[in-house]
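Secondary and tertiary structure notes
Spelled out, the chains give:
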Amino acid sequence: MEETSVQMLLVLSSLLCCTTNQALTASLTVSPSSSQMFKGEFVSLSCEEDDSSAGWMLRRNTTKETRAECGAKWGKTVHSSCNIGHIITMDSGVYWCESRERATSNSINITVTGGSVILQSPVLPVMEGDDVTLHCKTKTSNLPADFYKDGSLIGTEPAGGHMTIHNVSKSDEGLYKCNSSSHGESPSSWITVTDKPPTTALPPVSAALPTVSVAPPPASAPLQLVFRLVCHLVVFCPYFISTLVMVSLYRHRPAGNDLPVSMVTPPPTQAAERLAEEVDDIVAVTTEHHF
C-alpha cells in the first residue's frame, strides 16, 4: 500500500509541477534512457539549452525534497548536466530544468528499485500513432514476462521479454509494469500519450469547370441597311451599264449614214419599281440616322 501511495505521488507530481506561461527553451534528457533504474547505477541528466545565458539548473521533487537543486544535497553539476554516480531508491522522483526566470523544461519521472526486475519504457511522452516497445529485464538480460496496464494483464511474452504496442492512442495512457515468474515484479511506470499535431487538409479541386455560355453578338442595324443597299445596286447595275453602252454607240455612229435610232428605254418592271422605292426608303433612313 505504501509503495502504491509513493507511485501515485510521483505521478501527480509529474502532472502538476513545472507549469509556466513562458515558452520552453530547454529540454531534459536522461542516460540511460529509461524511466526505471536499478539501485547503484550511474545516471546523467542533461539540460539541452537554446539559451545558455538563461542560467538553467536541474531540480527535482522527491518524497523528501521539493525543488531541490542539483549540487546542493544531491548529484554533481558538470556544465549543463547533473550526474548521480550511485543512484539509490531515495532518488526516485520528478526531474526538470529551470531557468532564473522560472521557465521550465519537460519533466522526467524516474523510479529507482532495489529489486531484480525493471520495466524499460519511454521516458518522454509518446505521440499518438507511434509504436511503443516495453522491455522486462534484469541487470543482465531480458525476461519472459507478463505485462500489465493499470493492474490488468495485457499480454504475455514467453521469449525475449518485450512487447510492442502498435499505433498508440490516448486510451493506451496509464501505469505499466511487468512480472516474471522467476524474478518477480517490476515497479510501475506511467506512460503519457500526446495528441498528434493537426494537419491542414487542402480543399478538393473540382475537375469540372463551369460552363460559360457565349451568345453571338446581335446584328447591327446599319450593317443590314448597307447590305440591302448593295443588293439594290447590283440589281440596277445592268440597266446603268446598258444605258452607257447605247449612249457610247450613238456618239460614235458614222456621220454620213444618219439613221433614226429609236432609243426607247423599256418601262421598268414592277420588281424594279419596288426596288427603287426600297432604295428611296433606305436613303431616307440612312440620312435620318446620320443627320
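Residues numbered from 1 in each chain as written. Predicted model: local features only at pLDDT ≥ 70, side-chain atom pairs only at ≥ 80, totals over all residues. Heavy atoms only, no water.

Omega for the bond connecting Ser31 with Pro32 falls within 30 degrees of zero, at 0°, which places this linkage in the cis form. One non-glycine residue with positive phi stands out, namely Arg67, at about 55°. As for its placement among the helices and strands, Arg67 is situated in the loop between β4 (57-61) and β5 (68-69). Classification of Arg67 as partly exposed rests on a relative accessible area of 28%. Unusually for a residue other than glycine, Asp150 sits at a positive phi of about 50°. Examined against the element boundaries, Asp150 turns out to sit in the loop between β13 (145-149) and β14 (152-157). (Helix = DSSP H or I, 4+ residues; strand = E, 2+ residues; numbered from the N terminus. Buried < 20%, exposed > 50% of the residue type's maximum accessible area, 1.4 Å probe, protein only.)

Counting through the fold element by element, Asp172 comes out in the loop between β15 (162-165) and β16 (174-180). There is no salt bridge for the buried Asp172, and the closest opposite charge comes from Lys149, which lies 6.2 Å off by N-O distance. Within the structure, the side chain of Asp172 is placed 2.9 Å from the backbone nitrogen of Ser169, a separation counted as a polar contact. Leave out the neighbours within four places in its chain, and Asp172 touches Lys149, Ile165, Asn167 and Val193. (Lys, Arg positive; Asp, Glu negative; His and termini not counted. Salt bridge = Lys/Arg side-chain N within 4 Å of Asp/Glu carboxyl O. Polar contact = N/O pair within 3.5 Å; in protein donor to acceptor, adjacent residues only side chain to side chain. Contact = heavy atoms within 4.5 Å.)

Spatial strand order, β2-β9-β8-β4-β5: 5 strands in an open sheet with mixed pairing. Among the strands making up the open sheet, the edge pair consists of β2 (36-38) and β5. (Pairing = 2+ DSSP bridges.)

With that out of the way, let us pick up the confidence of the model for the chain. Residues of the chain with pLDDT of at least 70 account for 63%, and the chain-wide mean is 77. Scored below 50 in pLDDT, residues 258-265 makes 3 contacts in the model with residues more than four places away or belonging to other chains. Segment residues 285-291 is flagged for pLDDT under 50; beyond a separation of four residues in sequence, or across chains, it makes 2 contacts in the model. (pLDDT = per-residue confidence, 0-100.)

This next bit is on the sheet that holds β15. By definition, the strands of a sheet pair up through backbone hydrogen bonds, in either a parallel or an antiparallel sense. Taken in spatial order, the 3 strands make up an open sheet running β10-β12-β15, and their pairing is antiparallel. What marks the edges here is a single partner per strand, and that holds for β10 (118-120) and β15. Each adjacent strand pair in this sheet contributes to an overall mean axis angle of 20°, direction not counted. Of the pairings in the sheet, the one linking strand β12 (residues 132-137) to β15 comprises 4 bridges and is antiparallel in character. (Axes fitted to C-alpha atoms, helices over the stretch in contact; angles between N-to-C directions.)

All right, on to the nonpolar core then. The biggest cluster of nonpolar side chains holds 22 residues, and the ones touching the most others in it are Leu28, Val30, Leu45, Leu58, Trp74, Tyr95 and Ile110. Every element with two or more residues in this core is listed here: β1 (26-31), β3 (43-49), β7 (81-84), β8 (93-98) and β9 (104-113). If near-sequence neighbours (up to four positions away) are discounted, Leu58 is found in contact with Leu28, Leu45, Cys47, Ala68, Glu69, Cys70, Trp74, Cys82, Tyr95, Trp96 and Cys97. Within the second largest apolar cluster, 16 residues are counted, among which are Leu134, Met163, Ile165 and Val193. (Core = buried A, V, L, I, M, F, W, Y, C linked by side-chain atoms within 4.5 Å.)

Evaluated as defined, the whole model comprises 3 disulfides. The disulfide bridge from Cys47 ends at Cys97, spanning 1.9 Å between sulfur atoms. Where Cys47 bonds to Cys97 through sulfur, the torsion about that S-S bond is close to -100°, and the disulfide is left-handed. Taken as a pair, Cys47 in strand β3 and Cys97 in strand β8 lie far apart in primary sequence, 50 residues in all. On the accessibility criterion, Cys97 (0% relative accessible area) is buried. Note on cysteine connectivity: Cys70 is disulfide-linked to Cys82, with sulfurs 1.9 Å apart. In this structure, the disulfide formed by Cys70 and Cys82 twists by about 90° around the S-S bond and is classed as right-handed. Of this pair, Cys70 sits in the loop between β5 and β6 (76-78) while Cys82 sits in strand β7, placing them 12 residues apart in sequence. Taken as a pair, Cys70 and Cys82 share a single burial class, namely buried. Sequence-ordered numbering of the disulfide-bonded cysteines in the chain gives the connectivity 1-4, 2-3, 5-6. (Disulfide = S-S within 2.5 Å.)

Attention now moves to the packing of aromatic side chains. Summed over all chains, the structure comprises 1 aromatic pair. Taking the centre distance of 5.5 Å and the plane angle of 80° together, the rings of Trp74 and Tyr95 count as edge-to-face. With Trp74 in the loop between β5 and β6 and Tyr95 in strand β8, this residue pair connects regions lying 21 residues apart in the sequence. Take Trp74 and Tyr95: they sit in the same class, and that class is buried. (Phe/Tyr/Trp six-rings, centres within 6.5 Å; stacked < 30°, edge-to-face > 60°.)

A separate point is the side chain of Arg60. Along the polypeptide, Arg60 turns up in strand β4. For Arg60, a relative accessible area of 4% gives the class buried. Within the structure, the side chain of Arg60 is placed 2.9 Å from the side chain of Glu65, a separation counted as a polar contact. With sequence-adjacent residues up to four places away left out, Arg60 is seen in contact with Glu65, Thr66, Arg67, Ala68, Trp74, Asp91, Val94, Tyr95 and Trp96.

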